[in-house]
Amino acid sequence: MNTDATTVAPAGARSRSQHQRRKRIVQAAAALASRGGVEAMQMRTVAERAGVALGTLYRYFPSKMDLVVAVVGEEIDLLEGSIERRPPRAATPAGRAVDVLMRATRGLMREPELADALIRSLIMAEVETPFGDRMATLLLRVSTAGLSPEDATEEQYDVVASLASVWVHELLEMLRGRRTLDQIQRRIETAADKLLAAF
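Residues numbered from 1 in each chain as written. Predicted model: local features only at pLDDT ≥ 70, side-chain atom pairs only at ≥ 80, totals over all residues. Heavy atoms only, no water.

## So, the overall build of the protein
Keep this limit in mind: Runs of E in the DSSP output that reach at least two residues are strands. Runs of H or I that reach at least four are helices, and both are numbered from the N terminus. Buried means the residue's accessible area, taken with a 1.4 Å probe over protein chains only, is under 20% of the maximum for its type, while exposed means over 50%, and partly exposed covers the values in between. In this description, contact between two residues means that some pair of their heavy atoms is separated by no more than 4.5 Å.
If you tally the helices and strands in the protein, you get nine helices and zero strands. If one aligns the C-alpha atoms of the protein with their principal axes, the spans along those axes are about 65 × 45 × 30 Å. Within the protein, the fraction of its 199 residues that count as buried is 42%. In the protein, once contacts between residues fewer than 6 apart in sequence are set aside, the share between residues at least 24 apart is 68%.

Encoded structure:
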């Protein structure tokens, strides 16, 4: 018997099973956070809701912060999927960037408790988070002709990263009740026009 042939299929099945289990955990965490903020994302509660043992949860996510980062990643995946299905149609780089940021804002504000938990946790993050880099990369792609961070100049990347930072700040102000959606859009439009003028 060829043992190599017998081990490949179970490994593939195991990999799919692990992926599904991880996705179930992230979805359970997001559902809890959307109703009670990051405080509701207790590891034991997440494990119970996802139908996994607590030890299994910790194997995938060693800390609550790692779990928050995974939930953020899932939200960005959804945004990127939306952009691929319906690319921004604005004629200018600034217009396309504003489209993406306002789409992200509306998406997050459908679940304000979750948005608040994610933004606050990311600001205080003690683990490395891909949030800023992924948003900057997305803005770079839509603002230019599909430019990647590797092909962009340092200045181009710094500009879109700055715009992403402005957006995070404005979103946090909105969550604190200090901005309306219209105010955020106006401020993001102003920042995008100024920052992306040279694109």
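## Some thoughts on helix α5 (residues 93-109)
An α-helix turns once per 3.6 residues; consequently, residues spaced three or four apart project the same way. Selection criterion: Helix span, as expected, comes to 1.5 Å for every residue beyond the first.
The end-to-end C-alpha distance of α5 is 24 Å, a good match for the 24 Å that 17 residues give at a rise of 1.5 Å each. Burial of α5 is extensive: 12 of the 17 residues sit out of reach of the surface. Restricting attention to buried positions, one finds in α5 the residues Pro 93, Ala 94, Arg 96, Ala 97, Val 98, Val 100, Leu 101, Met 102, Arg 103, Ala 104, Thr 105 and Leu 108.

## Side note on the layout of surface pockets
Rolled over the atoms, a probe sized like a water molecule indicates the empty space that remains. How we decide: Lining residues are those with an atom within 4 Å of a point, where the points come from a 1 Å grid over the protein atoms alone and group into cavities, where a 1.4 Å probe fits but cannot get out, or pockets, open sets with protein on both sides within 12 Å along at least five of seven lines. Grid points are joined across faces, edges and corners, and a volume is the space filled by probe spheres set on the points. Only Asp, Glu, Lys and Arg are considered charged, only Ala, Val, Leu, Ile, Met, Phe, Trp, Tyr, Cys and Pro nonpolar, and every remaining residue, Gly among them, polar.
Computed from the structure, the largest pocket encloses a volume of approximately 520 Å³. As for the largest pocket, its lining consists of 27 residues, and the residues nearest its centre are Glu 75, Leu 78, Gly 107, Leu 108 and Arg 110. For the lining of the largest pocket, the secondary structure elements donating two or more residues are α1 (3-36), α4 (64-85), α5, α6 (112-123) and α7 (131-143). Examining the composition of the lining of the largest pocket, we find that eight residues originate from one element, α4, more than from any other. Its residues placed into classes, the lining of the largest pocket shows 17 nonpolar, three polar and seven charged.

## Concerning the environment of Ala 33
If you trace the backbone, Ala 33 turns up in helix α1. When the C-alpha positions of Ala 33 and Leu 139 are compared, they lie 27 Å apart, and in sequence the two are 106 residues distant. Beyond its immediate stretch of four places on either side in the chain, Ala 33 contacts Met 41, Glu 113, Leu 114 and Ala 117.

## Description of the UniProt feature "domain: HTH tetR-type" (unreviewed entry) in the protein
Operational definition: UniProt positions are given in the numbering used here, feature names are shortened, and annotations may be inferred rather than shown by experiment.
The UniProt entry lists residues 19-79 under the feature "domain: HTH tetR-type" (unreviewed entry), expressed in the numbering used here. With 80% helix and 0% strand, residues 19-79 has its two end C-alpha atoms placed 20 Å apart.

## Focus on the pattern of salt bridges
The condition that has to hold: The term salt bridge refers to a side-chain nitrogen of Lys or Arg lying within 4 Å of a carboxyl oxygen of Asp or Glu.
In total, this model carries nine salt bridges according to the counting rule given. With a shortest N-O distance of 2.6 Å, Arg 134 and Asp 77 are connected by a salt bridge. Of this pair, Arg 134 sits in helix α7 while Asp 77 is found in helix α4, placing the two residues 57 residues apart along the sequence. Residue Arg 134 is classed as partly exposed on the basis of its relative accessible area of 21%. Given the relative accessible area of 41%, Asp 77 is considered partly exposed. Glu 173 is the salt-bridge partner of Arg 176, the closest N and O atoms lying 3.1 Å from each other. In this structure Glu 173 comes out as buried when scored by relative accessible area, which is 8%.

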